[in-house]
Amino acid sequence: MTAIAIYSADPVLRCSLERQLRGDPAMTVVGVADDPSALLRLIDRNHVDAVLADSPPYEQLADWRNRHGDTAFVVLIDGFNAEDSFDAPGALGILPRSAERKEIAVAIKAVTNRLAVLPRELLPTLLNGGSETDQSPDSNDAVRARLTPRELEVLAAMADGASNQAIARRLGISFHTAKFHVAAILTKLHADSRTEAVTRAAQLGLVML
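Note that residues are indexed from 1 along each chain, following the sequence as it is written. The predicted origin of the model limits local features to residues at a pLDDT of at least 70 and limits the giving and counting of side-chain atom pairs to 80 or more, whereas totals for whole chains, interfaces and linings rest on all residues. Just so you know, side-chain values use all the structure's heavy atoms and leave hydrogens and water out.

Working definition: helices are DSSP H or I runs of at least four residues, strands are E runs of at least two. Numbering for both runs from the N terminus. Along the chain, E151 turns up in helix α8 (residues 149-159). Polar contact is defined as a pair of N or O atoms within 3.5 Å, subject to the rule that within protein one atom must be able to donate a hydrogen and the other to accept it, and that residues adjacent in sequence are counted only when both atoms are side-chain atoms. Of note is the side chain of E151, whose polar atom sits 3.0 Å from the backbone nitrogen of T148. At a separation of 2.7 Å, a polar atom in the side chain of E151 contacts the side chain of K188.

Here we take up the environment of L152. Within the secondary structure layout, L152 lies in helix α8. Residue burial is assigned from relative accessible area. The probe radius is 1.4 Å, only protein chains are included, and a residue is buried under 20% of its type maximum, exposed over 50%, and partly exposed in between. Exposure remark for L152: the relative accessible area of 24% places this residue in the partly exposed category. In this structure, the C-alpha to C-alpha distance between L152 and L206, residues 54 residues apart in sequence, is 8.0 Å. Apart from the residues within four sequence positions on either side, L152 is in contact with R144 and L147. Note on contacts: a residue pair is in contact if any heavy atoms of the two residues lie within 4.5 Å.

Glancing now at the side chain of D54. Its location among the elements puts D54 in strand β3 (residues 50-54). A relative accessible area of 5% places D54 in the buried class. Within the local environment of D54, its side chain forms a polar contact with the side chain of R97, the two groups lying 2.7 Å apart. Not counting residues within four places of it along the chain, the set of residues in contact with D54 comprises Y7, S8, A9, D10, L13, L76 and R97.

Think of an α-helix as turning once every 3.6 residues; residues three or four places apart then point the same way. In this analysis, the expected span of each helix is defined as 1.5 Å times one less than the number of residues it contains. Helix length check: helix α1 (residues 11-22), at 12 residues, gives a terminal C-alpha distance of 16 Å against a target of 16 Å (1.5 Å per residue), a fit within 8%. For α1, every residue scored as buried is listed here: L13, R14, S16, L17 and L21. Mapping the buried residues of α1 onto a view down its axis gives an arc of 165 degrees, with all of them on the same face. Opposite the packed face of α1, turned more than 90 degrees from it, sit the exposed residues V12 and R19. Turning to α1, the residues buried within the fold contact β1 (2-7), β2 (27-33), β3, β4 (72-77) and α5 (101-112). A distance of 3.0 Å separates the backbone nitrogen of V12 from a side-chain oxygen at the start of α1, and that oxygen is part of D10. Working definition: the arc comes from the directions between the helix axis and the C-beta atoms, pointing outward to the latter.

Read across the open sheet, the five strands follow the order β2-β1-β3-β4-β5; overall the sheet is parallel. The outermost strands of the open sheet, each flanked by one partner alone, are β2 and β5 (93-96). Neighbour-to-neighbour, the strand axes of this sheet turn through a mean angle of 20 degrees, independent of strand direction. Two strands pair under a simple rule: DSSP has to find at least two bridges between them. Of the strand pairs in this sheet, β4 and β5 are connected by four bridges, and their pairing is parallel. Bridge pairing in β5 places I77 opposite P96. Helix α2 (residues 36-45) rests against β1, β2 and β3 of the sheet, and its axis sits at about 140 degrees to β2. Structural elements are reduced to axes, namely lines fitted to C-alpha atoms, with helices fitted over the stretch in contact, and the angle between N-to-C directions of any two is expressed from 0 to 180 degrees.

Grouped together as the largest cluster of nonpolar side chains are 24 residues, with contacts concentrated most on V154, L155, M158, I167, I185, L189 and L206. Of all the elements in the fold, those that place two or more residues in this core are α8, α9 (164-171), α10 (175-188) and α11 (194-203). When residues in this core are grouped by element, the largest group, five residues, is from α8. Setting aside anything within four residues of it in sequence, one finds L155 in contact with L147, I185, L189, A201, L206 and V207. As used in this record, nonpolar core signifies buried Ala, Val, Leu, Ile, Met, Phe, Trp, Tyr and Cys residues forming a set joined through side-chain atoms within 4.5 Å.

This paragraph deals with unusual backbone geometry. A positive phi angle, close to 55 degrees, is found at H190, a residue other than glycine. In this structure, H190 sits in the loop between α10 and α11. What makes H190 partly exposed here is its relative accessible area of 46%.

Looking now at the pairing of β1. Counting buried positions over the six residues of β1 gives five, a clear majority of the element. Relative to β2, β1 is paired through six bridges, and the arrangement is parallel. What sits directly across from A3, in β2, is T28. Seen with its strands pointing away from the viewer, a crossover is right-handed if its path from the first strand over the helix to the second goes clockwise. With α1 bridging β1 and the parallel β2, this β-α-β connection has right-handed handedness. Where β1 meets β3, four bridges bridge the pair, whose relative direction is parallel.

What follows is the structure, encoded as structure tokens:
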């Protein structure tokens, strides 16, 4: 039985989410919170496997994750924005607010098993750095255009020899988010390893060694 906590400032959505999840025999709703402080108290006082959080402030989500790093999160958002979504530390699952009960249940099951859940619409933006243009990978400007500002920060940390865990601590993001960014960087730099990615980035003048 998966223990779930629900957070939403929207009373209608909050009631709807609670009703949907209470109808799932594989889950038990331990509580519902209508503000960030209430959610923290709920997690502090109960065993919670996963939190279903509706459009939480990202800085607040970071605080929750810092205090409860073992708790998985599924975050509901209004629109898909790669930077905002993946700068949400520890948000292992991202779904639209319009997600149906089955989608939410599948996402919760996935994140409690430490798998990421991403909306299909987000993947092209994440893999292409927000650019639809087919640019040469050997060009400094082309590579820089493919990398998001956050990925450039991660790349700089990689150049310093930081591990994924160290990158997460330095940038205030989760280990899983750091790992995702590193994988995206390797893809965009057409590199097979971190060392190759950093070397290529240095050749292009993107980082200093």
